[in-house]
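Secondary and tertiary structure notes
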Amino acid sequence: MLHLSPSKTAVPTLPTGFVSRPRVLALLDRAARADVMLLSAPAGFGKTTALAEWAQTSDGPCTRWACLDEDDNDPARLWSVLLAALAGCPGVPPDSLLHQGVPRRPDHRPEFVADIVHAVRAVPSDLRLVLDDVDEIVEPRALHELRTLLRHRPANLHIVLAARTDPPLSLPKLRLEGRLSELRADELRFSWAETAALLTAAGLAARPEQVGTLHRLCDGWAAGLRMATLSMHQATDGGSFLTTFVADDRPLADYLVGEVLSRLTPDEQHLLSVTSVCDELPPALAAELTGRDDAGELLDTLARATSLVVRAPPQSDVYRTRTLLRSYLRAHLERQRPTLVADLHGRAADWWADRDQPVRALEHAARSGDAACLRRMLHRFAVPIMLAGDHRPLRRALDQLADTPPAQDPWAALASALVHLEEGELPAAQHDLLVADARWPDDGPAELAVLRIVADFGVAVSSGELSRAKDAAQELDSASVADPAVAALAHATRASACLLSVGGRTDVRAELAAALEVARARGFGYLELQCQAQLGAVAGLDGDYRAMAAAGEEAAVLAGTHGWQDSVWSRAAHLMLADAALHRAEAALAHHHTTQALGADGPAGPALSHAVGVVRGAALFDLGEQAAGLREMQQARLDLGVVFVTPEQVAGAALLEHRAALLLGHAAAASTVLSWLTERLGVPGEILLMRAWIDAAAGNPDAARERLRPLLSGAVEPLVPHTVVEALLLESRLTAVTGERPDARRALHAALDRAEPIDALRPFTLAGPEVRELLVHSLGGFGPLEPFATRAIAAHWPAEGRPGAVLLSDRELTVLSLLPSLLSLDEIAADLAISINTVKSHIRAIYAKLGVSSRRSAVVAAYEHGLLPLASR
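Bear in mind the structure is a predicted one, so any value in this text is a computation, not a measurement.

Helix and strand counts for the chain stand at 45 helices and seven strands. Dimensions along the principal axes, computed over C-alpha positions, put the chain at roughly 120 × 95 × 50 Å. A sequence separation of at least 24 residues applies to 67% of the contacts in the chain between residues at least 6 apart. Looking at the chain as shown, the accessible area adds up to about 37400 Å², and 53% of this sits on carbon and sulfur atoms.

Looking now at the packing of aromatic side chains. Counted by the stated rule, this structure contains four aromatic pairs. With centroids separated by 6.0 Å and ring planes inclined at 75 degrees, the aromatic side chains of F764 and F788 adopt a geometry described as edge-to-face. With F764 in helix α39 (residues 762-765) and F788 in helix α41 (residues 786-794), the pair connects residues that are 24 residues apart, well separated along the chain. With a relative accessible area of 0%, F764 lands in the buried category. Over the ring of F190 we find R21; its NZ or CZ atom is 3.9 Å from the centre of that ring. Here R360 stacks its cationic end above the ring of W352, 4.8 Å away from the centre of that ring.

Strand order in this open sheet of five strands is β2-β3-β4-β1-β5, and the pairing throughout is parallel. Unpaired on one side and paired on the other, β2 (62-67) and β5 (180-184) mark the two borders of the sheet. Between one strand and the next, the sheet's axes are offset by a mean angle of 15 degrees, whatever the strand orientation. Across the sheet, helix α1 (residues 22-31) is in contact with β1 (36-40) and β5; its angle to β5 comes to roughly 160 degrees.

What follows deals with the pattern of salt bridges. By the definition in use, this model includes 53 salt bridges. In this structure, the salt-bridge partner of D219 is R320, at a minimum N-O distance of 3.4 Å. Of this pair, D219 sits in the loop between α9 (208-218) and α10 (222-234) while R320 sits in strand β7 (residues 319-321), and the two are 101 residues apart along the sequence. On the accessibility criterion, D219 (6% relative accessible area) is buried. On the basis of relative accessible area, R320 is assigned to the partly exposed category, the value being 22%. A salt bridge links D743 to R746; its shortest N-O distance comes to 2.0 Å. Placement of both D743 and R746 in helix α38 (residues 741-755) is noted, with a separation of three residues, approximately one turn of the helix.

With that settled, the discussion passes to the packing of helix α30 (residues 587-598) against helix α31 (residues 606-622). Look at α30 against α31: their axes get within 9 Å of each other, and the N-to-C directions meet at 150 degrees. Of the possible angle classes, the one that applies to α30 and α31 is roughly antiparallel. Like other packed secondary-structure pairs, α30 and α31 cross with a definite hand, here left-handed. Where α30 abuts α31, its residues A587, A590, H591, T594, T595, A597 and L598 lie against V612, V615, R616, A619, L620 and D622. Residue composition of the contact of α30 with α31, grouped by class: eight nonpolar, three polar and two charged.

Summed over the entire model, instances satisfying the criterion amount to zero disulfides. No disulfide involves C62; its nearest neighbouring cysteine sulfur is the one of C89, lying 3.1 Å away. Take C62: its relative accessible area is 23%, and that puts it in the partly exposed class.

Within the largest apolar cluster, 143 residues are counted, with the highest numbers of intra-cluster contacts made by L28, L51, L378 and L394. A per-element tally of this core places helix α19 (residues 371-388) first, with 12 residues. In contact with L51, other than residues within four places in its own chain, are L28, L39, W65, V130, V160 and A162. In terms of nonpolar packing, the next biggest core, distinct from the first, is built from 114 residues, L558, A585, A611 and A862 among them.

Moving on, we come to the confidence of the model for the chain. Looking at the chain as a whole, its pLDDT mean stands at 87, while 92% of the residues score no less than 70. Under a pLDDT of 50 for its full length, residues 799-803 has, in the predicted model, 13 contacts with residues more than four places off or in other chains.

Topologically, V318 is positioned in the loop between β6 (309-311) and β7. Separated by 35 residues in the primary sequence, V318 and P283 have C-alpha atoms spaced 7.0 Å apart.

Okay, helix α36 (residues 701-713) next. The end-to-end C-alpha separation of α36 is 18 Å, in line with the 18 Å expected for 13 residues at 1.5 Å each. Along α36, the sharpest kink reaches roughly 30 degrees, centred on R707 and followed within four residues by the proline P710. Residues of α36 that are buried: A704, L708 and L711. Taken together, the buried residues of α36 touch α35 (685-697) and α37 (722-737). Following α36 by one or two positions, G714 adopts a phi angle in the positive range, close to 90 degrees.

Attention shifts here to unusual backbone geometry. Glycine aside, residues mostly have negative phi, and peptide bonds are mostly found in the trans state. Located in the positive-phi region is D133, a residue other than glycine, with phi close to 60 degrees. Looking at where D133 falls in the secondary structure, it is placed in the loop between β3 (127-132) and α5 (140-151).

It is worth spelling out the environment of A858 at this point. For A858, the location among the structural elements is in helix α45 (residues 855-864). Judged by relative accessible area, which is 0%, A858 ranks as buried. The spacing of A858 and I843 is 15 residues in sequence and 9.2 Å in space, taken between C-alpha atoms. Not counting the four nearest positions on each side in its chain, A858 is found in contact with L816, L819, Y847, L850 and V852.

Quick look at α30 now. Along an α-helix, residues three or four apart share an orientation, since each turn contains 3.6 residues. The terminal C-alpha atoms of α30 lie 16 Å apart, and with 12 residues this matches the ideal 16 Å at 1.5 Å per residue to within 8%. Burial in α30 covers these residues: A587, A590, H593, T594 and A597. Angular distribution of buried residues about the axis of α30 spans 125 degrees; they occupy a single face of the element. Of the residues trailing α30, G599 is marked for its positive phi of about 70 degrees.

Conventions used here
- Sequence positions are assigned chain by chain, starting from 1 and proceeding in written order.
- The predicted origin of the model limits local features to residues at a pLDDT of at least 70 and limits the giving and counting of side-chain atom pairs to 80 or more, whereas totals for whole chains, interfaces and linings rest on all residues.
- Side-chain calculation: all heavy atoms of the structure are included, whereas hydrogens and water are not.
- Each helix is a run of DSSP H or I of at least 4 residues and each strand a run of E of at least 2, with the numbering of both proceeding from the N terminus.
- Every residue pair with non-hydrogen atoms within 4.5 Å of one another is taken to be in contact.
- Here the accessible surface of atoms and residues is derived via Shrake-Rupley with a 1.4 Å probe, and residues count as covered only by protein chains that are part of the display.
- Whether two aromatic rings pair depends on their centres lying within 6.5 Å, for rings of Phe, Tyr and Trp, where Trp uses its six-membered ring; planes under 30 degrees apart make the pair stacked, over 60 edge-to-face, and the rest tilted.
- Exposure is judged per residue with a 1.4 Å probe applied to protein chains only, and the accessible area is read against the type maximum: over 50% gives exposed, under 20% gives buried, and values in between give partly exposed.
- Two thresholds decide whether a charge sits over a ring: the Lys NZ or Arg CZ must be within 6 Å of the ring centre and within 35 degrees of the ring normal.
- Any two strands with at least two DSSP-identified bridges between them are counted as paired.
- In this description, a line fitted to the C-alpha atoms serves as the axis of each element, helices being fitted only across the stretch in contact, and the angle between N-to-C directions of two axes falls anywhere from 0 to 180 degrees.
- Should a side-chain nitrogen of Lys or Arg be within 4 Å of a carboxyl oxygen of Asp or Glu, the pair is scored as a salt bridge.
- Angle categories are assigned with fixed cut-offs, so that under 35 degrees is roughly parallel, over 145 is roughly antiparallel, 65 to 115 is roughly perpendicular, and the rest are oblique.
- A crossing counts as left-handed when the near helix is turned anticlockwise from the far one by less than a right angle, and as right-handed when that turn is clockwise.
- Lys, Arg, Asp and Glu make up the charged group, whereas Ala, Val, Leu, Ile, Met, Phe, Trp, Tyr, Cys and Pro make up the nonpolar group; the residues left over, Gly among them, are polar.
- Note on terminology: disulfide denotes any pair of cysteine sulfur atoms within 2.5 Å.
- Take the buried Ala, Val, Leu, Ile, Met, Phe, Trp, Tyr and Cys residues and link them wherever side-chain atoms come within 4.5 Å; each set so joined is a nonpolar core.
- The score called pLDDT rates the predictor's confidence residue by residue, from a low of 0 to a high of 100.
- Residue count minus one, scaled by 1.5 Å, sets the expected span of a helix.
- Across the chain, bend at a residue is computed as the angle between axes fitted to the seven residues ending at that point and the seven starting from it.
- Along the arc lie the directions from the helix axis toward the C-beta atoms.

Put into structure tokens, the structure is as follows:
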């Protein structure tokens, strides 16, 4: 019998710093249900360690180990190892053939395998045999012996094959018969949590972002993670270490070369090296870079046989080399052949550009270090990339080109200006415009001229230069370009000009429709976000707050899906949602959306900042923080200064601040707002309303009604649609106070009729107790407006607050529920089977607790206290 080292058949000892992986153990338990299990993954993926822990902790059958190597290609030695492993199982009879020697040429004795199978079958318990590194067996005779064992495997013997590549052991047949279970690199790779546990076990206090970086870098590869932890112990700065680990770590390089790359053919090594410049690798691109028509076949072979290459995503035709291996090969190639690396990146850029993949093309052009190539890609793709919302790679490419002689050309400068405008960086955009003008060509294309106009318009609007913005808008009206991306950008810019009233609003929806059509056809998601936000703004200017909220919601969802929450358009969407919520008298929701609109660094641009401040202040006012809310609105007005905003925004802001000041009794503050609005806009309908409010607050109802007359008759047009609602409610209140209830009801009905289509509930909550009493008393007489009137009553009325709680007995509540009916007191007594005197006693108690003196007043007070359901009316 051959002498074997005990380590050949011993379950390996778990390494220092070992981390238990229950997830993998559970996978092994499930896989063990099959006759044969295969663990196939490249070197260092933790196959042996996982099986060793499983063997030591599993409650399954007795596990025996056979560690195979190239010497075991001799059939006699192979069987010696296998029998030595099996003979160590408890329950093997002393006279079993498993304890006996192996004939010199077992492969020449067909009955030998049958005898071994019979001997294993005679063992009274189940056995599990692990064949570790079974891919070391390559000689035909030895492979034949293993195939025979697998084919005639006794029922009580479960075989586990662990290999770096799939061994040629009739696996397809086993798979087809349902006798094979498989675990591969993707199942064995460390998860984020397991990576964190490994670092903790190694005594390293890594931050979550460092764990994530290491996990992504090593792609869950156990060997890479362990080498990284060893090197991190010696590093003075763990964060910077991670950026140089792949390029500088000598043990990692030795392991990759000695244990991974050395097992590949020269053709496979060359393919992986050349294509390491690519993160994603379609077969056609691999063929382009390697010059091999069979590059796709090589990739498929590597993916199936080694797991060094994977499909990304699975079932796709795109491949990806494992991150750590690709990073090492790329770093090695950059050191050895930097000129080739630049050439490969340039060819990859052209390949992606030909397939209309601008971001990938731009990224490879930037990595090529070829300024001419990068400039060419920017000319072609800067606008599409910007409209698609991929601003980071565009920003990186522009910054790289700015540092490369010669200085920026006008294309790059204008692209940079547009990106800076989106990020709210006005000074940088102004500088970019100066650079573009300094290098302006004599015969530039029409697309370049349109980009110049668009950038100039954006700078003018951001800096509050209305005259300059008008000039740019007029110039853009006559511009025409063939490039669809630039044309779509021009459409969106014309829409912006219309919204700002510097280009007329008649065509705004047509411009947005044209831009949206291109955006959706070409995948310009960021342009779609911009258009949705602008459609919401159009709806808001038209007073359609429901449509504004719907467009804002769609824009906010789009921004959230793509990670654009900090963009100006996402913030504008949340502003619209806040404004709509404020009009619906949902102050808490409005305040929440203003927080989203502020973002981490505050809203971009003075116009947006002003609008957010005003809506936020009004929401605070409605939530009970009246003084703080008024101060925020006042500060927003002061911060705006002379910056141009739309007349509608000015008028709406003035109404909110003016009303808050009056309700707090600050007449001087209210007069300041009135003067500001008059100075900026002249005499719109909102000024008449504000003066009427002042007259009413001063106790001059006749003067107030006279102020309202031109507004209510239509002689003076308001700028915002709910102004008329506010005027009608003031008219209703004033006439109710003077006892003209029919006129008060008519004005209230007209206010409901105007408010319902635009979902404007807030004016009712500020209209005063007279209007509220009229609303409650008139319930049941509003016809189709009844649901909206009910919502108006149920809304929070911040000016007066909710009445305090009133405690009534069960019997008093029963009597109260019958008071809105037409039943007499005698009929109520009969209905409740109590005496008339008892009914009167309950009513006196109800009046006293509600603080009223009549049946009608008791009903109104009961509605206000929520003691009677509104639906009962």
